[in-house]
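Overview (structure and organization)
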Amino acid sequence: HAADAHRTDLMTITRHALNEQSKFPESRGDFTILLSHIVLGCKFVCTAVNKAGLAKLIGLAGETNVQGEEQKKLDVLSNEVFIKALVSSGRTCILVSEEDEEATFVAESSRGKYCVVFDPLDGSSNIDCGVSIGTIFGIYLVEDGVEPTLDDVLQPGKNMVAAGYCMYGSSCTLVLSTGGGVNGFTLDPSLGEFILTHPDIKIPKKGKIYSVNEGNAKNWDSPTAKYVEKCKYPEDGSAPKSLRYIGSMVADVHRTLLYGGIFLYPADKKSPNGKLRVLYEVFPMAFLMEQAGGQAFTGKERALDLIPTSIHERSPIFLGSYDDVEEIKALYAAEA
Ligand code: AHG
Ligand code: MN
Ligand code: MN
């Protein structure tokens, strides 16, 4: 039977978005159009990442390629592609990128009602050795007919209307939530389409893996230190957790989402606010985790309740399986 060996019902990400849209008769398809421009950016970065090693070889002499153009670093290139794709969608008004100090306000002529916050290339230290990297994005909606201001993006994560990431790994996977669960799509390179391969992702209630940069251990606060100690020497007689840490948030979170467990980027004495950025790293991942039945905690509060005061603000983050995050919350509560 042909259908057994081949996927014949190809639920592309666009078809999926159109299906979702049809549930809202008043919708004019703006989100679907915005999404297709994000998807275009992801496909471009995927291709660029795949060719990165080769492109570098070609560009070795004086950092110029065969056409005599200067080679752009992958994160700068990715940023340019996303900014241009998002502006040209005609559906955005404010863009916040990890790569740009200031937010981009879209000119009135091509303005829409969505704000997009994003990290065009996350995990850049892993580019040169071919390890998985990704793009992270979150989307806010502004009120109709009001002049957009920075306050429209300095909103708690729970106000996002959608969030997702694309992982450039052994395959290219886009994980998306528009607030009604989480779906995963895999790029079929021969079709150039993202196909629904992971419908309605739910994170296991408890996991067997913890993920953290343990090299920072000497600077941790006591709840984090106690938690990691418990992962290795459980007090209840259960098996110790395994440690997995890639150093690309997208890859570490993707594994956590599918296999369960916990991902931590805690505060430490050197970085009291941790390392990861609230708007385009912490919020989108926290949004996806909650939508998949997990939790995300900052050490003080539910991550999605945090109100950012500046666009590149950082926060500690603990996210993953419901029960595992519950344990770290209890340790922080005990010392509050
Ligand atoms: P970016 O490459 O966008 O600057 O972010 C890298 C981040 C994130 O992907 C990862 O979780 C974290 O940095 C790893 O940090 P450490 O090297 O301190 O562990
Ligand atoms: Mn990043
Ligand atoms: Mn980045």
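Residues numbered from 1 in each chain as written. Chains lettered and ligands numbered in written order. Predicted model: local features only at pLDDT ≥ 70, side-chain atom pairs only at ≥ 80, totals over all residues. Heavy atoms only, no water.

**A few points about the coordination of the manganese ion (ligand 3)**
The condition that has to hold: Here the coordinating atoms are restricted to nitrogen, oxygen and sulfur within 2.8 Å of the metal centre, or 3.2 Å for Na, K and Ca, and because water is not among them the sites may look incomplete. Secondary structure follows DSSP: runs of H or I at least 4 residues long count as helices, runs of E at least 2 residues long count as strands, and numbering of each begins at the N terminus. Working definition: with a 1.4 Å probe on protein chains only, accessible area under 20% of the residue-type maximum means buried, over 50% means exposed, and in between means partly exposed.
The coordination sphere of the manganese ion (ligand 3) contains the protein donors Glu-98 (OE), Asp-119 (OD) and Leu-121 (O), at a distance range of 2.1 to 2.3 Å. Between consecutive donors of the manganese ion (ligand 3), the numbers of intervening residues give the motif E-x20-D-x1-L. Here the manganese ion (ligand 3) and the manganese ion (ligand 2) are spaced 3.6 Å apart, linked through Asp-119, which binds each one. Placement of Glu-98 in the loop between strand E1 (92-97) and strand E2 (104-105) and of Asp-119 in strand E3 (residues 111-122) is noted, with a sequence separation of 21 residues between them. In this structure Glu-98 comes out as partly exposed when scored by relative accessible area, which is 26%.

**Some points on the coordination of the manganese ion (ligand 2)**
Around the manganese ion (ligand 2), the protein contributes the donor atoms Asp-119 (OD), Asp-122 (OD) and Glu-281 (OE), which lie 1.9 to 2.2 Å from the metal centre. Along the chain, the residues that donate to the manganese ion (ligand 2) are spaced as D-x2-D-x158-E. On the basis of relative accessibility, which here comes to 6%, the residue Asp-122 falls in the buried class.

**Observations concerning the layout of surface pockets**
Basically, it comes down to this: Grid spacing is 1 Å over the protein atoms alone, the probe is 1.4 Å, and a cavity is where that probe fits but cannot get out, while a pocket is an open set with protein on both sides within 12 Å along at least five of seven lines and lining residues have an atom within 4 Å of a point. Grid points are joined across faces, edges and corners, and a volume is the space filled by probe spheres set on the points. Each residue receives one of three labels: charged for Asp, Glu, Lys and Arg, nonpolar for Ala, Val, Leu, Ile, Met, Phe, Trp, Tyr, Cys and Pro, and polar for the others, Gly being one of them.
Space inside the second largest pocket adds up to approximately 620 Å³. For the second largest pocket, the lining is made up of 25 residues, of which Phe-24, Ser-27, Phe-31, Tyr-114 and Thr-178 are closest to its centre. Those elements giving two or more residues to the lining of the second largest pocket turn out to be helix H2 (13-21), helix H3 (30-58), E3 and strand E6 (172-177). Counting residues per element, the lining of the second largest pocket draws most heavily on H2, at five residues. Each residue belonging to the lining of the second largest pocket can be placed in one class, and the counts come to nine nonpolar, ten polar and six charged.

**Here we look at the packing of aromatic side chains**
Note on aromatic pairs: each is described by the distance of the centres and the angle between the planes. Applied cut-off: Between rings of Phe, Tyr and Trp, where Trp is taken as its six-membered ring, a pair exists when centres lie within 6.5 Å; planes separated by under 30 degrees are stacked, by over 60 edge-to-face, and by other angles tilted.
All told, the structure shown has five aromatic pairs when counted by the stated rule. Residues Phe-297 and Tyr-332 carry aromatic rings whose centres are separated by 5.9 Å and whose planes lie at 65° to one another, so their mutual orientation is edge-to-face. A residue pair is termed long-range when its members are at least 10 positions apart, and Phe-297 in strand E12 (residues 295-297) and Tyr-332 in helix H8 (residues 322-335) qualify at 35 residues. A relative accessible area of 13% means that Tyr-332 is categorised as buried. Three or more aromatic residues joined by ring pairs form one cluster here, namely Phe-297, Phe-318 and Tyr-332.

**A word on the confidence of the model for the protein**
Counted only if it meets this: The predictor attaches a confidence to each residue, and that confidence, scored 0 to 100, is pLDDT.
Overall, the prediction assigns the protein a mean pLDDT of 92, with 93% of residues at 70 or greater. The ipTM assigned to the predicted complex is 0.97, against a pTM of 0.94.

**Regarding the sheet that holds E12**
Selection criterion: A strand pair is defined by DSSP finding two or more bridges across the two strands. Here, residues are in contact when the closest pair of their heavy atoms is within 4.5 Å. Here, axes are lines fitted to C-alpha atoms. For helices the fit covers the stretch in contact, and angles between N-to-C directions go from 0 to 180 degrees.
With respect to topology, five strands assemble into an open sheet ordered E10-E9-E11-E13-E12, the strand pairing being mixed. Each edge of the open sheet carries a strand with a single partner, namely strand E10 (242-243) and E12. Summarising the sheet, strand E9 (residues 209-211) and strand E11 (residues 262-265) pair through two bridges and their orientation is parallel. Opposite Ser-211, over in E11, you have Phe-263 as the bridge partner. On the sheet, helix H7 (residues 278-291) packs against E12 and strand E13 (317-320) and is oriented at approximately 30° with respect to E13.

**Brief notes about the pattern of salt bridges**
The line we're drawing: Think of a salt bridge as a Lys or Arg side-chain nitrogen and an Asp or Glu carboxyl oxygen that are within 4 Å of each other.
Going through the model one piece at a time under the given rule, you end up with 20 salt bridges. In this structure, the salt-bridge partner of Lys-226 is Glu-335, at a minimum N-O distance of 2.8 Å. On the criterion of sequence distance, the pair formed by Lys-226 in helix H5 (residues 222-232) and Glu-335 in helix H8 is long-range, its members being 109 residues apart. Its relative accessible area of 43% is what places Lys-226 among the partly exposed residues. Here Asp-305 makes a salt bridge to Arg-302, at a shortest N to O gap of 3.3 Å. Given a relative accessible area of 27%, Asp-305 falls into the partly exposed group. Here the residues in one salt-bridge network are Lys-206, Lys-230, Lys-241, Asp-324 and Glu-327, joined through shared partners.

**Details of the packing of helix H6 (residues 249-259) against H7**
Condition: Throughout, the term roughly parallel applies to angles under 35 degrees, roughly antiparallel to angles over 145, roughly perpendicular to angles from 65 to 115, and oblique to all others. What makes a crossing left-handed is the near helix being turned counterclockwise from the far one by less than a right angle; a clockwise turn instead makes it right-handed.
For the pair H6 and H7, interaxial distance at closest approach is 11 Å and the crossing angle is 10°. The angle between the axes of H6 and H7 places the two elements in the roughly parallel class. The crossing of H6 and H7 is right-handed. In this structure, H6 uses Met-249, Val-250, Val-253, Thr-256 and Leu-257 to contact H7, whose residues at the interface are Glu-281, Met-285 and Met-289.

**Considerations on H5**
Under the convention used in this document: Think of it as the arc spanned by the lines of direction from the helix axis to the C-beta atoms.
Residues of H5 that are buried include every one of Pro-223, Thr-224, Tyr-227, Val-228 and Cys-231, and no others. One side of H5 carries all its buried residues, which in axial view fall inside an arc of 130°. If you follow the buried residues of H5, they end up packed against E9, E11, E13 and H8.

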